Amino acid sequence: MSHWSDTLPVPSGQRRDQVPRGHSIYPQLLEITLHLRQAMREHFVQLTSRQGLSLEERRHTQAIREKEALLSCLICRMINLLQSEATSDLELQVPLPSEDSRGDVRYGQRAQLSGQPDPVPQLSDCEAAFVSRDLSNRGIDISVFYQSSFQDYNAYQKDKYHKDKNTLGFINLGTSENKLCMDLMTERLQERDMNCIEDALLQYPDWRGQPFLREEVARFLTYYCRASTQLDPENVVVLNGCCSVFSALAMVLCDPGEAFLVPAPFYGGFAFSSRLYAKVELIPVYLESEVTVTNTQPFQLTVDKLEEALLEARFEGKKVRGLVLINPQNPVGDIYSPDSLMKYLEFAKRYNLHVIIDEIYMLSVFDESVTFHSVLSMKSLPDRNRTHVIWGTSKDFGISGFRFGALYTHNKEVVSAVSAFGYLHSISGIAQHKLCQLLQNTEWIDKVYLPTNCYRLQEAHKYITAKLKALEIPFHNSSSGLYVWINLKKYLDPCTFEEERLLYCRFLDNKLLLSRGKAYMCKEPGWFCLIFADELPRLKLAMRRFCDVLQEQKEALIVKQLEDAMRE
């Protein structure tokens, strides 16, 4: 039997070890690489095409598919590089599968989320882009990053649960959205003062945000952050979402390859935002769940941990330009005390670091015994010029679709630089008018919206934590946010990130989208983020699916343990 490479085509009259003078080697290398990819694909198909696999075999198959996706990505990069060098000596046509053969399946993703064996892997949109010669290397990286980050979210978008139209669709308890007060918000946004069409709203805006909105944001933050003095509208920049603000800050505060420190676990969207444009690294400051002599609370951030992470990064030759804090914290839900916050700010000043503080959950504190303290309420800041605050309406008001985020900073240079991003990331004039009207009606916010939102968050949190207690699932008890940070380590054997991923896939198979700890850069495998800010009927159905998955996982672990015992 001949080796597969013996069957590769060779130009007529040419030996395999020869390349004619005057001809580029790149077309031939490219053709060989394409055949290599095809042979690799056929090999993996043979490995993974068996039906009726046991649990252990399914895990092994999934691991094979992961390696296949990695190898495919690497080979596609090589193809792209070779194509960029190849001349027109050899015209190559890369066959793409027909639309019928692909359907909605994407190679390298979980092709089916129903527990059935995956179909034969096909060429993905991402891989097709690699061989189309249309993307730069940077474009390839962005495409791969997007596909890997949002493939399951995109599957949810195509197959959302609906109580009447799609009862078997996905329920999303992994994306942090507040769906508890949609009735109040819908009613408010339909009132007469919201409807305004003026010439100025239909034209290009001030890239920093319309003056009337920046004035209202400054007044709103002065009031709700309990600022000691009136905040200045000239220090406000408005963009289409807090991630856009964060991405802009990363661009103007760092050069490519530089870094921010971020206590981990942390909101994974920041990793995507910082990498998409700025190529800025986020260095995790790992927090532990276990309580010890030095770690007096679970997931406790201390100055010692910050200094250790900073010095280690510097030892590795990395230039750290800032510290990112989320307060209230996401996904843990803790609120920093004024004393702790001051210590972190003093640490940053000592090492000449900028501090970016995301306070997007500041009005989502549902425990009335707990008080949130904004950094804007501090009478004096250790480094006023390097402290930058982000806030938006996506979480507190449940209107993430408005795409509104605001920056407040005393640093005029930062204001000027970030304002430039309004050219690409501004909000429509109509939306800015509605936001202004929404924020200025503090009577409705204080007497109607916030009390109702707080009560509904309390009730949803009470329901979900009672369920978790009944299931004997540990969780990090918090008083703010839209989520519960839960510990599913007992359902992993062994307790590894690979087993965490497999459990995550089991949830997907049952049309339930959660967020796993790895996505938050958590140091310990087994943690998941569960969003509870949803209406009760959908939340109850989601928890039934959740319980079904855990029961299946428990039974599978028992079988595995018995099999292991028999082998011993």
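Please refer to the structure higher up on the page.
Residues numbered from 1 in each chain as written. Predicted model: local features only at pLDDT ≥ 70, side-chain atom pairs only at ≥ 80, totals over all residues. Heavy atoms only, no water.

(A) Quick look at the overall build of the chain. Along the backbone of the chain there are 17 helices and 13 strands. Looking at the chain as a whole, 51% of its 568 residues qualify as buried. Of the accessible surface of the chain, which amounts to about 27800 Å², a share of 51% is contributed by carbon and sulfur atoms. (Helix = DSSP H or I, 4+ residues; strand = E, 2+ residues; numbered from the N terminus. Buried < 20%, exposed > 50% of the residue type's maximum accessible area, 1.4 Å probe, protein only. Areas by Shrake-Rupley, 256 points an atom, 1.4 Å probe, with all protein chains shown as cover.)

(B) Up close: the pattern of salt bridges. In total, this model carries 28 salt bridges according to the counting rule given. In this structure, the salt-bridge partner of Asp183 is Arg456, at a minimum N-O distance of 2.9 Å. Separated by 273 residues along the polypeptide, Asp183 in helix 6 (residues 182-189) and Arg456 in helix 15 (residues 442-470) bring together distant segments of the chain. Owing to a relative accessible area of 43%, Asp183 belongs among the partly exposed residues under this scheme. (Salt bridge = Lys/Arg side-chain N within 4 Å of Asp/Glu carboxyl O.)

(C) Broad picture of the packing of aromatic side chains. Throughout the structure, instances matching the rule amount to 26 aromatic pairs. Between the aromatic rings of Tyr336 and Tyr344, the centroid separation amounts to 5.3 Å while the plane-to-plane angle is 80°, which identifies the pairing as edge-to-face. Pair check on accessibility: Tyr336 and Tyr344 agree, each one buried. Put simply, the rings of Phe220, Tyr223, Tyr224, Trp391, Phe397, Phe404, Trp444 and Tyr449 pair up and form one aromatic cluster. Across the ring face of Tyr504, the terminal group of Arg516 is positioned such that the distance to the ring centre comes to 6.0 Å. Here the guanidinium or amino end of Lys518 rests over the ring plane of Phe497, the centre of that ring lying 4.4 Å away. (Phe/Tyr/Trp six-rings, centres within 6.5 Å; stacked < 30°, edge-to-face > 60°. Lys NZ or Arg CZ within 6 Å of the ring centre and 35° of its normal.)

(D) Summary view of unusual backbone geometry. In this structure, the amide linkage connecting Asn327 to the following residue, Pro328, adopts the cis form with an omega of -5°. Checked against the element boundaries, Pro328 lands in the loop between strand 5 (320-326) and helix 11 (338-350). Of note, the amide linkage connecting Asp493 to Pro494 takes the cis form, showing an omega dihedral of 0°. Along the chain, Pro494 falls in the loop between strand 10 (483-487) and helix 16 (497-509). The phi dihedral of Met521 falls on the positive side, at around 60°, and the residue is not glycine.

(E) Highlighting the sheet that holds strand 13 (residues 527-531). Strand order in this open sheet of four strands is 9-10-13-12, and the pairing throughout is antiparallel. Two strands lie at the open edges of the sheet, namely strand 9 (475-476) and strand 12 (515-516), each paired on one side alone. Relative to strand 13, strand 12 is paired through two bridges, and the arrangement is antiparallel. Note that in strand 13 the partner of Ser515 across the bridge is Cys529. Relative to the sheet, helix 15 contacts strand 9, strand 10 and strand 13, its axis offset from that of strand 10 by approximately 10°. (Pairing = 2+ DSSP bridges. Contact = heavy atoms within 4.5 Å. Axes fitted to C-alpha atoms, helices over the stretch in contact; angles between N-to-C directions.)

(F) Fine view of the environment of Val217. If you trace the backbone, Val217 turns up in helix 7 (residues 211-224). In this structure, the C-alpha to C-alpha distance between Val217 and Asp232, residues 15 residues apart in sequence, is 9.5 Å.

(G) Main features of helix 5 (residues 137-158). The terminal C-alpha atoms of helix 5 lie 29 Å apart, and with 22 residues this matches the ideal 32 Å at 1.5 Å per residue to within 8%. At Phe150, helix 5 is bent by approximately 60°, the largest bend along its length. Restricting attention to buried positions, one finds in helix 5 the residues Gly139, Ile140, Ser143, Phe145, Gln151, Asp152 and Tyr156. (Expected span 1.5 Å × (residues − 1). Bend = angle between axes of the 7 residues up to and from the residue.)

(H) Spatial organisation of the pairing of strand 4 (residues 281-286). Of the pairings in the sheet, the one linking strand 3 (residues 259-264) to strand 4 comprises six bridges and is parallel in character. Across the sheet, Leu261 pairs through a bridge with Ile283, a residue of strand 4. Regarding the hand of the β-α-β motif, the stretch spanning strand 3, helix 9 (residues 269-278) and strand 4 is right-handed. (Right-handed = clockwise from strand over helix to strand, strands pointing away.)

(I) Molecular detail of empty space enclosed by the protein. Counted under the stated rule, the structure contains two cavities of 30 Å³ or more. Of the pockets and cavities examined, the largest cavity occupies roughly 40 Å³. Surrounding the largest cavity, Leu345, Ala348, Lys349, Leu353, Val355, Pro382, Asp383, Arg386 and Thr387 form its lining. In terms of residues, the lining of the largest cavity owes the most to one element, helix 11, which gives three residues. In terms of residue class, the lining of the largest cavity is made up of five nonpolar, one polar and three charged. Approximately 30 Å³ is the volume found for the second largest cavity. Lining the second largest cavity are Val262, Pro263, Phe266, Val324, Leu325, Ile326, Gln329 and Tyr336. Considering every element that reaches the lining of the second largest cavity, the biggest residue donor is strand 5, with three residues. Tallied by class, the residues present in the lining of the second largest cavity amount to seven nonpolar, one polar and no charged. (1 Å grid on protein atoms, 1.4 Å probe; cavity = no way out; pocket = protein on both sides within 12 Å on 5 of 7 lines; lining within 4 Å. Points joined across faces, edges and corners; volume = space filled by probe spheres on them. Nonpolar A, V, L, I, M, F, W, Y, C, P; charged D, E, K, R; others polar.)

Interpretation in functional terms is not warranted from these geometric data alone.
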